[in-house]
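This is what each chain is made of:
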Amino acid sequence: MFRPLSLFLGWRFSRAKRRNRFISFISAASIMGIAIGVGALILGLSAMNGFQRELEQRILAVIPHGQLTTAQGPVDNWRGIVAHLTSAPGILAASPHVPLDGLLSKGSKLKAVQLQGIEPGLEAQISDLSAFIEGGNFNELQPGARQLILGQAIARQLELELGDTVSLLLPTPGSQGFGSPERHSFTLVGILALGGQLDTVLGYTHLEDAQQLRELGEGVTGFHLKVDEVLSADALTMNAAMALPSPFYVDSWMRSQGNIYRDIQLVRTLMYVVLLLVMAVASFNIVSTLVMAVNEKKGDIAILKTMGAGPWQIRGAFVVQGMLNGVLGVVIGALLGGLLSRQLSALVRWYENASGHHLLNPEIYFIDFIPTEFHWADLWLVTGSALLLIFVATLYPAWRAGRLLPSQLLGEA
């Protein structure tokens, strides 16, 4: 089928000046449609890769993979439980924590906060928070010093800077939420800059300060866990909890942030299907172009068959002609998609600065920018799928051209 004569004829047919300008227009439209579809699909997949990267390297690097909360009050022997948890299958590290949900107050400004009392040395094995803390790290949290690390959105709303003092309003221990709150002064020693929703709620203080404020003594109310397989965090956390002597409530990132991961995978799949259909529609233009090209070149086909060209050589020539147009569109789309995907974040940032409008609200989304990460595998997948669609689109017109008989063609001429 694919002999040199077919390649030569297909090349000549694609380069020949057309008598019908409408065929040229349809051909150009098919090339542009394929280019737009390929470029948009590569760009969209790169954006989804970027969101998944930020989820894994930013969110999952900060929040614990699993979390255990005591079901029967605080536990005192937390060091023994930490040792027991780290020996469980799939658990890489464990750290105690004491939550402090309250209100931060600075002047007339108030902000709700989810404070975590942590042991800095152990929490550093769970989380990579230090990489996102401006002005300090976990080691800045000293026991008894009443120090805080807050998200940058909280600090911005309360107009706080490093070294400032802020009041924390907490319910009176044992009051069950009723009665006048207690006011405690803290010093800001670090600002957490994740650039997303977590910056609006998270804060950290030392474990001993949290224990003192909640009057727990040496007790803790929960543990943070890091697992070796993040997609199996639910099962690994449950297995670790089942091996403990006292009951615990089990939670994991799959319940708090898992919807983000599922949304990314769903959008990736829908985007691939929808844009593949766009390329399929563009490929139908190739069918139209080749059908009209066959009608235009009936005389040439008759002469070629009279000179001995076989049906498969004629079919191969029109397949080559259609593939050349398709390959041109795929190459243009791949170049545009690859170049734009590498510069997507910068382009979106320029648009936001120019328009004053932010596409992602950090109070709603887990990041406040459009990320991108180009993968060569996506490029080959998209271009391969597009070329397969184009090849399928050329088969019917080429088959029809090969069935034409010289006697019929010369009679029509």
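One can find the structure itself at the top, above this paragraph.
One structure accompanies this document, and this report is about it.

Here is what the cut-offs are and how they apply
- Residues numbered from 1 in each chain as written.
- Predicted model: local features only at pLDDT ≥ 70, side-chain atom pairs only at ≥ 80, totals over all residues.
- Heavy atoms only, no water.
- Buried < 20%, exposed > 50% of the residue type's maximum accessible area, 1.4 Å probe, protein only.
- Helix = DSSP H or I, 4+ residues; strand = E, 2+ residues; numbered from the N terminus.
- Pairing = 2+ DSSP bridges.
- Arc of directions from axis to C-beta.
- Core = buried A, V, L, I, M, F, W, Y, C linked by side-chain atoms within 4.5 Å.
- Salt bridge = Lys/Arg side-chain N within 4 Å of Asp/Glu carboxyl O.
- Axes fitted to C-alpha atoms, helices over the stretch in contact; angles between N-to-C directions.
- Parallel < 35°, antiparallel > 145°, perpendicular 65-115°, else oblique.
- Left-handed = near helix turned anticlockwise from the far one by under 90°.
- Contact = heavy atoms within 4.5 Å.
- 1 Å grid on protein atoms, 1.4 Å probe; cavity = no way out; pocket = protein on both sides within 12 Å on 5 of 7 lines; lining within 4 Å.
- Points joined across faces, edges and corners; volume = space filled by probe spheres on them.
- Nonpolar A, V, L, I, M, F, W, Y, C, P; charged D, E, K, R; others polar.

1. Some words on the pairing of strand β8 (residues 202–206)
Side-chain direction in a regular strand flips from residue to residue, so the side chains alternate between the two faces of the sheet. Counting buried residues in β8 gives five out of five residues, a clear majority hidden from the surface. As paired strands, strand β3 (residues 109–118) and β8 are joined by five bridges and run parallel to one another. Among the inter-strand pairings, Leu115 is bridged to a residue of β8, identified as Gly203. In this sheet, β8 lies alongside strand β5 (residues 147–151) in antiparallel orientation, the contact comprising two bridges.

2. Quick look at helix α3 (residues 78–86)
Those residues of α3 lying buried are Trp78, Ile81, Val82 and Leu85. With its buried residues spanning 105 degrees around the axis, α3 presents them on a single face.

3. Observations regarding the nonpolar core
Judged by nonpolar contacts, the single largest core of 70 residues is most densely connected at Leu85, Leu104, Leu150, Leu192, Tyr204 and Phe223. Core analysis: the second largest hydrophobic core is formed by 26 residues, Val38, Leu41, Phe318 and Val382 among them.

4. A look at the pattern of salt bridges
Applying the stated criterion to the full structure yields five salt bridges. With its nearest N and O atoms 2.9 Å apart, the salt bridge here joins Glu54 to Arg53. The exposure class assigned to Glu54 is buried, which follows from its relative accessible area of 8%. Residue Arg53 is classed as partly exposed on the basis of its relative accessible area of 21%. When the shortest N-O distance is used, the salt bridge between Glu54 and Arg58 registers 2.7 Å. With Glu54 and Arg58 both in helix α2 (residues 21–59) and four residues apart, this pair spans about one turn of that helix. Classification of Arg58 by relative accessible area gives buried; the value is 17%. Among the charged side chains, a salt-bridge network with shared partners connects Arg53, Glu54, Arg58 and Glu373.

5. Re the packing of helix α9 (residues 258–296) against helix α12 (residues 376–403)
Where α9 contacts α12, the axes come no closer than 9 Å and their chain directions differ by 30 degrees. By the criterion of interaxial angle, the relationship of α9 to α12 is roughly parallel. Along this stretch, α9 crosses α12, giving a crossing that reads as right-handed. Residues Tyr272, Leu276, Met279, Ala280, Ser283, Ile286, Val287, Leu290, Val291, Val294 and Asn295 of α9 pack against Leu381, Val382, Ser385, Ala386, Leu389, Ile390, Ala393, Thr394, Pro397, Arg400 and Ala401 of α12.

6. With respect to the layout of surface pockets
Which parts of space are left empty comes out when a probe the size of a water molecule is rolled across the atoms. The calculated volume of the largest pocket comes to roughly 610 Å³. Of all the secondary structure elements, the ones that give two or more residues to the lining of the largest pocket are β1 (66–70), β2 (91–106), β3, β8, β9 (222–227), β10 (248–252) and α8 (253–256). No other element matches β1, which puts four residues into the lining of the largest pocket. In the lining of the largest pocket, the residues fall into eleven nonpolar, 15 polar and four charged.

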